[in-house]
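So the chains spell out like this:
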Amino acid sequence: MRRLLLFALLLIVAPTVAFATDVAAGGWTPRPVFPKGQGDHCVEPTEVMRRLHGEIVRPPDGTPSSRGLPHHDLAGCVACHAQRDKNGAYIPVNAKGQFCESCHRFSAVSINCFSCHASTPEESAAEDMGAVTADHSKFEILKQPFASVSDVPAACLTCHTEAGKQLRATDHWAWSVINPRTGQALGLLHTFNMVFGSDQAQCADCHIGNEWKNGRFDFTSDKNVDCLVCHDTTGAYKRFSADAGKSPFKTIESSKGGADVQEAVNLSFVAQHVGKTSRETCGSCHFNADGGDGLKHGDLDASLENPKRTLDIHMGVDGLNFTCSTCHVAEGHVFTPTFYTMAAKETHGINVPGHDNSSRATCESCHGFKPHRPSPHKPAIYAKLNEHTEKVACETCHIPSYARGGVPTKTAVDWSTAGKKGPDVKPLQIDDSQGRAIYTTETGGSTRGENLIPHYAWFDGEIRYARLGERIDPGKPVALNTFEGSAMDPNARVWPFKVMRGKLPYDAGKRTLAVAHLFGDDDAAGADYSGAHGFVDATMSLPLAHTVAPIEQALQCGDCHRSDGRLAGINGVYMPGRDRNHPLDWLGWLGVGAAVAGVSAHGVARVAFARRRRQNP
Amino acid sequence: MNPDMRFQRLERFWHWAQATLIISLLITGFNVHDSIRLFSFARAAQYHIILAWALTVLWVFAIFWHMVTGVWPMLTGKWRQSIPSRGSQIMAMLHFYAIDIFLAGGHPFHRTRQQKHNLPQRATYLTLNIGIVPVIWTSGWLYLFYDSWGAGGLGQRYLGAIAMVHTAAAFAILVFLVVHLYLAFTVSDTPLGNLKAMITGYEEEENAQPH
């Protein structure tokens with residue numbers, strides 16, 4: 001009997017010990033615990049990714065990554081899912097306990113990917129360089145000591161034979177755009193910074209041609225195309241405004257004194273280090289439009305060179321880390337759509353590379369027409385939000401304010417106050433408490449702002465620009481650009497705008513905006529002038545499309561659906577919460593009040609009669 | 001079944017479920033209308049939609065229940081009872097609310113299980129059921145789905161009118177609620193008798209035996 005008991009005990013103990021040692025040895029596989037990736041969610045729903053990540057990363061047809069969408073490749077997985085150790089160094093994603101390894105161990109599937117592919121973001125970056133088939137520092141023609149900036153494009157063109165012709169067909173080059181839908185020529189009436197026409201040498205600061213000479217420019221020469229301003233990767237290349245955008249190859253002392261030295265650029269070094277465009281190269285012009293960082297656009301400034309995801313959910317270096325060209329994809333140097341030919345309402349939807357064009361400059365080209373999904377926060381309202389996309393641009397809710405990155409944008413200028421000089425009869429500059437110019441002798445007073453609430457308006461994508469020589473009514477503000485759109489217009493949506501206000505000089509005799517002369521060695525504007533001038537209020541509106549905020553910063557329904565909300569000025573739609581029929585409301589509450597008063601009086605009377613009955617039974 | 005029971009269990013459930021939903025719909029609805037700011041618009045709108053679906057489910061359930069139990073006169077041919085045809089009865093009830101109630105005159109209406117409501121009550125509920133309720137339901141569904149039926153801007157064009165009708169019906173229901181609460185709470189043979197009856201089913205606990 002005792003022997004039998006011992007045997008039974010052994011039967012129980014032995015498997016338990018075996019199991020325990022197995023677990024201790026790591027042989028028993030617990031449910032995988034893996035570190036969370038960056039951001040709120042993956043580029044695809046988790047349940048899709050769990051099942052299909054193999055196919056998405058490496059589809060059966062052998063194309064490098066599924067749909068060509070951003071971050072749908074192995075480097076994209078690694079970029080978000082690689083963790084850092086205590087010292088900040090990346091841990092490979094296939095290391096023990098890391099994102100890939102933990103699930104693969106659980107499901108007993110070996111990971112082959114990383115025997116060839118990068119398992120940390122640093123390795124991905126190295127791999128990325130490895131994908132480049134040409135090392136420009138090995139080209140003899142780029143090792144020459146370039147005597148002039150125009151010699152660099154000449155060298156580029158020896159290999160990139162079609163690049164000059166391609167670029168010359170673009171808005172980036174032409175300095176003028178013919179709107180294909182209206183036939184109107186755009187250009188030269190440059191925002192509220194005054195009417196240009198005689199100062200084009202300074203325009204060449206940004207507009208990318210070289211060899212502006214004596215007010216003339218050869219638009220037909222491929223060699224005048226400045227390749228470096230877009231393709232420099234060193235940060236050393238600069239266009240110099242005082243010399244029609246030419247980059248100095250000798251150090252130039254500023255005429256004003258030592259403070260404004262233009263360092264010589266080593267063109268050979270820059271030419272040997274050309275590469276893809278970057279936030280910095282695009283930003284060198286677009287961030288600095290209107291003569292300074294962030295002054296013009298309000299949604300484009302140097303804060304986008306290294307933004308947090310809270311400033312720009314797409315470009316955030318702590319998030320998706322897009323560059324400008326992730327969305328603004330050029331084919332043969334041509335970007336579509338441009339600011340001048342934008343669609344206020346995208347009608348195509350998701351652009352599938354290989355099937356559609358590669359442009360992703362609209363929200364819908366990646367997110368489609370029904371971007372809102374059910375969530376615990378909006379279980380019943382996501383369908384309504386998707387209906388909004390018909391009439392409200394994504395930007396309206398998802399860009400809650402502009403100039404959010406810490407760089408103020410210019411909101412108004414007053415040229416009528418220009419010309420005052422200091423007590424020492426020298427040009428004057430008055431700064432605000434943060435050291436930003438609010439008055440200069442050259443340009444007059446100006447105001448800047450940060451975290452500004454946009455102006456909202458119906459917009460059909462068609463911007464009409466006022467032309468030089470158009471007669472104006474000095475009694476009314478002159479709109480330098482106007483656009484159409486209404487609630488019933490199927491092409492129009494409600495868009496957010498930065499509105500700039502200015503006091504501009506006009507020719508009082510001809511009743512046209514006056515051509516100012518602000519720059520250059522010549523003495524006069526070279527335009528007809530009646531001899532009398534005045535100042536007129538002017539406005540210009542720029543649609544906002546950048547600095548899309550994370551979802552938690554997006555506008556809430558109640559920001560607009562209330563009687564004093566953001567869309568108070570939008571006509572033609574009934575908006576619950578904002579709109580009401582006032583007589584009906586008045587009557588309704590009167591009725592409710594009458595009912596309350598009636599039953600109250602009835603009740604009081606009953607109490608009074610009851611008391612009288614008790615007193616006089 | 002206890003013949004003294006004034007309101008059956010399902011009737012009571014229906015009443016209180018409706019009461020909760022309708023009062024919540026009024027609150028969230030007037031919140032959406034920006035008349036009150038108890039919740040954010042997003043919350044109010046979502047609650048309003050969810051409550052509307054809940055009320056729909058309740059109504060589908062209630063119609064089913066009324067059909068199988070046959071207590072709904074509308075569906076069993078007894079609907080003529082709902083039409084207050086005898087003017088003298090109406091005048092008697094109005095006379096009661098206007099005069100006798102102050103003088104402690106007797107309630108002229110004898111309530112039975114088949115006829116729970118006196119004629120002005122029936123007239124009120126008839127107005128509610130064939131006048132206001134269809135209007136608020138129809139306008140509400142059109143309001144919720146205006147983007148689906150109103151392709152090409154049609155819904156958008158008429159949304160304002162629909163919203164106006166919906167709001168007007170909501171005001172009517174609010175007025176009804178005010179008067180209903182007053183009468184329900186104060187006009188009964190015993191203090192709070194209606195309320196008791198609607199909760200327990202019986203007006204007087206102690207008189208609950210059959211006679």
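Only a predicted model underlies this, so the values are computations on that prediction, with no experimental measurement involved.

Another point: the overall build of chain A. The number of helices and strands found in chain A is 18 helices and 15 strands. Looking at chain A as a whole, 40% of its 617 residues qualify as buried. Within chain A, contacts between residues separated by at least 24 positions form 67% of all contacts whose residues are at least 6 apart in sequence. If you sum the accessible surface of chain A, you get close to 33,900 Å²; carbon and sulfur atoms cover 58% of it.

Further remarks concern the pattern of salt bridges. Residues and elements named next belong to chain A. Following the criterion strictly, the structure yields 16 salt bridges over all chains and no others. Here E140 makes a salt bridge to K143, at a shortest N to O gap of 3.4 Å. For K143, a relative accessible area of 40% corresponds to the partly exposed category. As a salt-bridge pair, D579 and R578 come within 2.9 Å of each other at their nearest N and O atoms. This pair shows no difference in class: D579 is buried, exactly as R578 is.

Take the packing of helix 1 (residues 9–32) of chain B against helix 7 (residues 154–186) of chain B next. Residue and element names in this part refer to chain B. Helix 7 packs onto helix 1 with a crossing angle of 130° between their chain directions and a minimal axis gap of 11 Å. By the criterion of interaxial angle, the relationship of helix 1 to helix 7 is oblique. Where helix 1 crosses over helix 7, the two elements pack in a sense that is left-handed. Of helix 7, the residues touching helix 1 (which contributes H15, I22, I23, L26 and F30) are A170, F171, I173, L174, L177 and H180.

Next up on the list: the interface of chain B and chain A. Taken together, the contacts link 38 residues of chain B with 39 residues of chain A. Here chain B and chain A share an interface that buries about 3,300 Å² over both sides, 66% of which is from carbon and sulfur atoms. Counting across the interface, chain B meets chain A through one salt bridge. Between B:R37 and A:D564 there is a salt bridge, with its nearest N and O atoms 3.3 Å apart. Elements with a contribution of two residues or more to the side of chain B that touches chain A: helix 1, helix 2 (41–69), helix 4 (87–103), helix 5 (119–144), helix 6 (146–149) and helix 7 of chain B. Looking at the side of chain B that touches chain A, its residues break down into 26 nonpolar, eight polar and four charged.

The next thing to look at is the packing of aromatic side chains. Counting across every chain of the model gives 16 aromatic pairs over all chains. Ring geometry for A:F459 versus A:F497: centroids 5.3 Å apart, planes at 75°, classification edge-to-face. You can see A:F459 sitting in strand 9 (residues 455–459) and its partner A:F497 sitting in strand 13 (residues 493–507), a full 38 residues away along the chain. Their ring planes at 70° and their centres at 6.4 Å tell us that B:W14 and B:W59 sit as a pair that is edge-to-face. Residue B:W14 is found in helix 1, and its partner B:W59 is found in helix 2; the two are separated by 45 residues along the sequence.

Moving on, we come to the nonpolar core. In this structure, B:L26, B:F30, B:L55, B:L58 and B:L174 are the most contacted members of the largest nonpolar core, which totals 30 residues. Elements that contribute at least two residues to this core include exactly helix 18 (582–615) of chain A together with helix 1, helix 2, helix 5 and helix 7 of chain B. If we skip the residues at most four places from it in the chain, B:L174 touches A:W589, A:V592, B:L26 and B:F30. In this structure, A:F459, A:V478, A:F483 and A:F497 belong to the second largest nonpolar core, which totals 24 residues.

Angle between the axes and distance between the axes: these two values describe a pair of packed helices. Interaxial distance between helix 18 of chain A and helix 7 of chain B falls to 9 Å at its minimum, and their mutual angle equals 5°. Our classification of the angle between helix 18 of chain A and helix 7 of chain B gives roughly parallel. Side by side, helix 18 of chain A and helix 7 of chain B meet where A:L584, A:D585, A:G588, A:W589, A:G591, A:V592, A:A595, A:V596, A:V599, A:H602, A:G603 and A:R606 of the first sit next to B:M164, B:T167, B:A168, B:F171, B:L174, B:V175, B:V178, B:V179, B:Y182 and B:T186 of the second. Class assignment of the residues belonging to the contact of helix 18 of chain A with helix 7 of chain B gives a composition of 14 nonpolar, six polar and two charged.

Residue and element names in this part refer to chain A. Among the 15 residues in strand 13, 13 count as buried, and that is most of the element. The pairing of strand 5 (residues 409–414) with strand 13 spans three bridges and is parallel. Paired with D414 across the bridge in strand 13 is K503. Both strand 13 and strand 15 (residues 533–543) contribute to a ladder of 11 bridges, which runs antiparallel. What sits directly across from L504, in strand 15, is V536. Two elements, strand 13 and strand 14 (residues 512–513), share two bridges in a ladder whose sense is antiparallel. From the neighbouring strand, D507 faces strand 14, where its bridge partner is T512.

This part covers the confidence of the model for chain A. Residue and element names in this part refer to chain A. Per-residue pLDDT for chain A has a mean of 81; in total, 82% of the residues score no lower than 70. Least confident of the elements in chain A is helix 9 (residues 200–203), whose mean pLDDT is 59; most confident is helix 16 (residues 394–398), at 96. A low-confidence stretch, residues 62–67 stays under pLDDT 50, and its non-local contacts, those more than four residues away or across chains, total 13 contacts. Confidence drops under a pLDDT of 50 for residues 254–259, and excluding neighbours within four residues, the segment shows two contacts in the predicted structure.

Basis of the calculations
Residues numbered from 1 in each chain as written. Chains lettered and ligands numbered in written order. Predicted model: local features only at pLDDT ≥ 70, side-chain atom pairs only at ≥ 80, totals over all residues. Heavy atoms only, no water. Helix = DSSP H or I, 4+ residues; strand = E, 2+ residues; numbered from the N terminus. Buried < 20%, exposed > 50% of the residue type's maximum accessible area, 1.4 Å probe, protein only. Contact = heavy atoms within 4.5 Å. Areas by Shrake-Rupley, 256 points an atom, 1.4 Å probe, with all protein chains shown as cover. Salt bridge = Lys/Arg side-chain N within 4 Å of Asp/Glu carboxyl O. Axes fitted to C-alpha atoms, helices over the stretch in contact; angles between N-to-C directions. Parallel < 35°, antiparallel > 145°, perpendicular 65-115°, else oblique. Left-handed = near helix turned anticlockwise from the far one by under 90°. Buried area = accessible area lost by both parts, 1.4 Å probe. Nonpolar A, V, L, I, M, F, W, Y, C, P; charged D, E, K, R; others polar. Phe/Tyr/Trp six-rings, centres within 6.5 Å; stacked < 30°, edge-to-face > 60°. Core = buried A, V, L, I, M, F, W, Y, C linked by side-chain atoms within 4.5 Å. Pairing = 2+ DSSP bridges. pLDDT = per-residue confidence, 0-100.

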